[in-house]
Amino acid sequence: FGTRDGESKQEHREKAFNVFAKLLQEHRNDVKKRSLLLSHTSSLLHRMIDRSLLSLDYVQHLLWDYYDGLSSDADADLVGTSRADMAAALADHIPHMISSRRGASAACAAFGCAAAKDRKKMMRSLRGYVRSTLEHRDAHLVPLRMILTCDDTVSSKKFILDELLPDPEGGGDPLLDLALHPTAHKMLLVLLSSVDPTTSPHFPPDERVLLAPTMVLVEGKLVSTSRKDPAVRRTELLKHAQTPVATLCRSHARTMMMDRCGAAVLREAFMVLGEEDRLANDVVASVTTEVLEHETGHLTLKRMLAAEVKGEGNGPKSLPLAEAMYKTYGKKLLETIGASNRGAFVLSVLATAGTIGEKVQKEIMKKKCMEKLKKKNWRCTK
């Protein structure tokens, strides 16, 4: 498509962006024209759904424009009915419409507006495809949206989580592959996050918008379409996955520490699962020279110590990781943790850990240790 004379491609895209929303806005005072526009667009989309055209990119784009346009409309009754009706039509076809970011965004919007029975249908339509969906660059947002929005946690466990959790009679650890995957690990972060995922730094701004609760206008007030408290929902889901996730972190601590995605899961698990002492011992047992000199491994250990010292989230009130590290490496801190530049940064955080930190400082400040530090000339020694 060409652009007009003197108009840049960017300006053309901005003007052409979401024509449906633009037309709704232009005719906001003409009820008849707005009703005709909605009726025509809905009819067109329903025909596309009936003819199995949801896998086409332009159909997914049009669906997103439809939901995005209605989200800015002021007529609450009209918007609610239109969005819910479209969500009911899409309920059995979710896997076919999430191959693009626009399609995944439309599916997230539809799930937020759907009735309880249609939400259940949407989750059931993903059965057998949950893992592959989570590993997709764009589609991974849809299962996350379902977990965060559905009030029926029994259905969430049955259709989403049970497919991801390891089979007691099977071999291998499928959760490890999930924890190390660039997009799939976000499912574990959603379950473990000690803060609201819609404000969590683990998710970029555009994903936070899509994962945020859907709000509708009821008697002049904005109300979420999900009635259950998010903290209660997350607690119920985490209880179902807590034992497998804890086993994952304890069995594969070293592997997770040296992977960016796995490290994020490990840090959240340490702060949330309530098994700080056991997990701290396993983490310290996994610390080797390779971990301390690894670009991700040393940062993981440093951040876990820093979060423990600051008491972030629902973290431990004591200092189990600092205590385990001092118990293992005490009286030989410079020869082990402080033997490399990156390891010395970990040691500098350990030196701030309350009473354990005082013992660390006392050991480091000895004349013999100070002479060793001066010879190394590292940035962290200052």
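Quick caveat, the model's predicted, so the values are computed rather than measured.

Participant: An account of the overall build of the chain is needed here, citing residue identities and associated values.
Facilitator: Each helix and strand counted, the chain has 23 helices and two strands in total. Within the chain, the fraction of its 382 residues that count as buried is 47%. Sequence-distant contacts, at least 24 apart, represent 68% of the contacts inside the chain between residues at least 6 apart. Carbon and sulfur atoms make up 52% of the accessible area of the chain, which amounts to about 19,800 Å² in all.

Participant: Describe a nonpolar patch on the surface, with residues and values.
Facilitator: Judged by side-chain polarity, Met215, Leu217 and Leu222 come together as a nonpolar surface patch covering roughly 300 Å² of accessible area. Given a relative accessible area of 45%, Leu217 falls into the partly exposed group.

Participant: Please set out empty space enclosed by the protein residue by residue, giving values where relevant.
Facilitator: Considering all chains together, one arrives at one cavity of 30 Å³ or more under this definition. Roughly 40 Å³ of volume is contained in the largest cavity. Lining the largest cavity are Leu161, Leu164, Leu165, Leu175, Leu178, Met187, Leu188, Leu191, Ala241 and Val245. Of all the secondary-structure elements, those providing two or more residues to the lining of the largest cavity are helix H10 (153-164), helix H11 (174-180), helix H12 (185-192) and helix H14 (230-251). Examining the composition of the lining of the largest cavity, we find that three residues originate from one element, H12, more than from any other. Its residues placed into classes, the lining of the largest cavity shows 10 nonpolar, no polar and no charged.

Participant: Tell me what's going on with the packing of aromatic side chains, and back it up with residues and numbers.
Facilitator: Under the defined criterion, the tally for this structure stands at one aromatic pair. Between Tyr66 and Tyr67, the aromatic rings sit 5.8 Å apart at their centres with planes inclined by 90°, giving edge-to-face as the arrangement. Assessed through its relative accessible area of 2%, Tyr67 is described here as buried.

Participant: An account of the environment of Thr289 is needed here, citing residue identities and associated values.
Facilitator: Following the sequence through the fold, Thr289 ends up in helix H18 (residues 289-293). In this structure, the C-alpha to C-alpha distance between Thr289 and Ser340, residues 51 residues apart in sequence, is 8.5 Å.

Participant: Describe the environment of Ala231, and please don't skip the residues or the numbers.
Facilitator: Tracing the backbone shows Ala231 in helix H14. Exposure remark for Ala231: the relative accessible area of 41% places this residue in the partly exposed category. When the C-alpha positions of Ala231 and Asp196 are compared, they lie 8.4 Å apart, and in sequence the two are 35 residues distant.

Participant: How would you sum up a positive patch on the surface? Please name residues and give values.
Facilitator: On the surface, Lys117, Lys120, Lys121, Arg124, Arg127 and Lys158 cluster together into a patch of positive charge. Counting residues per element, the positive patch draws most heavily on helix H7 (residues 116-125), at four residues. Take Lys117: it is sitting in helix H7. The exposed category is assigned to Lys117, whose relative accessible area is 62%.

Participant: How would you explain the nonpolar core if you had to name every residue and give the values?
Facilitator: One finds Leu321 and Leu350 to be the most contacted residues of the largest nonpolar core, which totals 110 residues. By residue number, the principal contributor to this core is helix H6 (residues 101-113), which donates eight residues. Those residues in contact with Leu321 that lie beyond four places of it in its chain are Phe270, Ala280, Val283, Val284, Leu301, Met304, Leu305 and Glu308.

Participant: I'd love a proper account of the side chain of Arg267, names of residues and values included.
Facilitator: Mapped onto the fold, Arg267 is located in helix H16 (residues 260-272). At 6.4 Å, Glu268 is the nearest oppositely charged side chain to Arg267, a buried residue that forms no salt bridge. Setting aside residues no more than four positions away along its own chain, Arg267 makes contact with His202, Thr300, Arg303 and Met304.

Participant: Any chance you could break down the packing of H10 against H14 for me, citing the residues and the numbers?
Facilitator: Running from amino to carboxyl end, H10 crosses H14 at an angle of 45°, the nearest separation of the two axes being 10 Å. Here H10 is positioned oblique relative to H14, judged by the angle of their axes. Between H10 and H14 the crossing geometry is right-handed. Touching Thr153, Ser156, Lys157, Leu161 and Asp162 of H10 are Arg233, Glu236, Leu237 and His240, all from H14. The class makeup of the residues in the contact of H10 with H14 is two nonpolar, three polar and four charged.

Participant: Kindly report on the pattern of salt bridges, identifying the contributing residues and their values.
Facilitator: Counting across every chain of the model gives seven salt bridges. Salt-bridge contacts for Arg101 lead to Asp138; the nearest nitrogen and oxygen are separated by 3.2 Å. Placement of the pair is Arg101 in helix H6 and Asp138 in the loop between helix H8 (130-134) and helix H9 (141-149), with a sequence separation of 37 residues. The class of Arg101 is partly exposed, set by a relative accessible area of 26%.

Participant: Outline unusual backbone geometry, supporting the account with residue identities and numerical values.
Facilitator: Although it is not a glycine, Ser52 sits at a positive phi angle of roughly 55°. Mapped onto the elements of the fold, Ser52 is located in the loop between helix H3 (31-50) and helix H4 (57-71). We classify Ser52 as exposed; its relative accessible area is 60%. The phi angle at Lys331 is positive, at roughly 75°, despite the residue not being glycine. For Lys331, a relative accessible area of 77% translates into the label exposed.

Criteria and cut-off values
- What you see as residue numbers is a count from 1 along each chain, following the sequence as written.
- Where totals are concerned, whole chains, interfaces and linings use all residues; where local detail is concerned, this predicted model gives features only for residues with pLDDT of at least 70, and gives and counts side-chain atom pairs only at 80 or more.
- Hydrogens and waters are ignored; side-chain quantities use all the structure's heavy atoms.
- Comment: elements are numbered from the N terminus, with helices defined as DSSP H or I runs of at least four residues and strands as E runs of at least two.
- The buried label applies to any residue whose accessible area, calculated with a 1.4 Å probe on protein chains only, is under 20% of its type's maximum; exposed applies above 50%, and partly exposed to all values in between.
- Should any heavy atoms of two residues lie within 4.5 Å, those residues are counted as being in contact.
- Residue exposure ignores everything except the shown protein chains as possible cover, and the areas themselves are Shrake-Rupley values with a 1.4 Å probe.
- Residues enter a patch when their relative accessible area is above 30% and they make no salt bridge; the linking distance is 9 Å between like charges and 5 Å between nonpolar side chains (Val, Leu, Ile, Met, Phe, Trp, Tyr).
- By salt bridge we mean one thing: a side-chain nitrogen of Lys or Arg within 4 Å of a carboxyl oxygen of Asp or Glu.
- Think of a 1 Å grid over the protein atoms and nothing else: a 1.4 Å probe that fits but is trapped marks a cavity, an open set flanked by protein within 12 Å on at least five of seven lines marks a pocket, and residues with an atom within 4 Å of a point count as lining.
- Grid points are joined across faces, edges and corners, and a volume is the space filled by probe spheres set on the points.
- Note that Gly is not counted as nonpolar here; it falls among the polar residues with everything else outside the nonpolar set of Ala, Val, Leu, Ile, Met, Phe, Trp, Tyr, Cys and Pro and the charged set of Asp, Glu, Lys and Arg.
- Only centres within 6.5 Å qualify two rings of Phe, Tyr or Trp (six-membered ring in Trp) as a pair; their planes then separate them into stacked at under 30 degrees, edge-to-face at over 60, and tilted for everything else.
- Working convention for charge: Lys and Arg count positive, Asp and Glu count negative, and His plus the chain ends are omitted.
- Here the site of a charge means NZ on Lys, CZ on Arg, CG on Asp, or CD on Glu.
- Buried Ala, Val, Leu, Ile, Met, Phe, Trp, Tyr and Cys residues form a nonpolar core when they are joined through side-chain atoms within 4.5 Å.
- Only the stretch in contact is used when a helix axis is fitted, and all axes are lines through C-alpha atoms; the angle between N-to-C directions ranges over 0 to 180 degrees.
- Angle categories are assigned with fixed cut-offs, so that under 35 degrees is roughly parallel, over 145 is roughly antiparallel, 65 to 115 is roughly perpendicular, and the rest are oblique.
- A clockwise turn of the near helix away from the far one marks a right-handed crossing, whereas an anticlockwise turn of less than a right angle marks a left-handed crossing.

The values reported here are purely geometric and, on their own, carry no functional implication.
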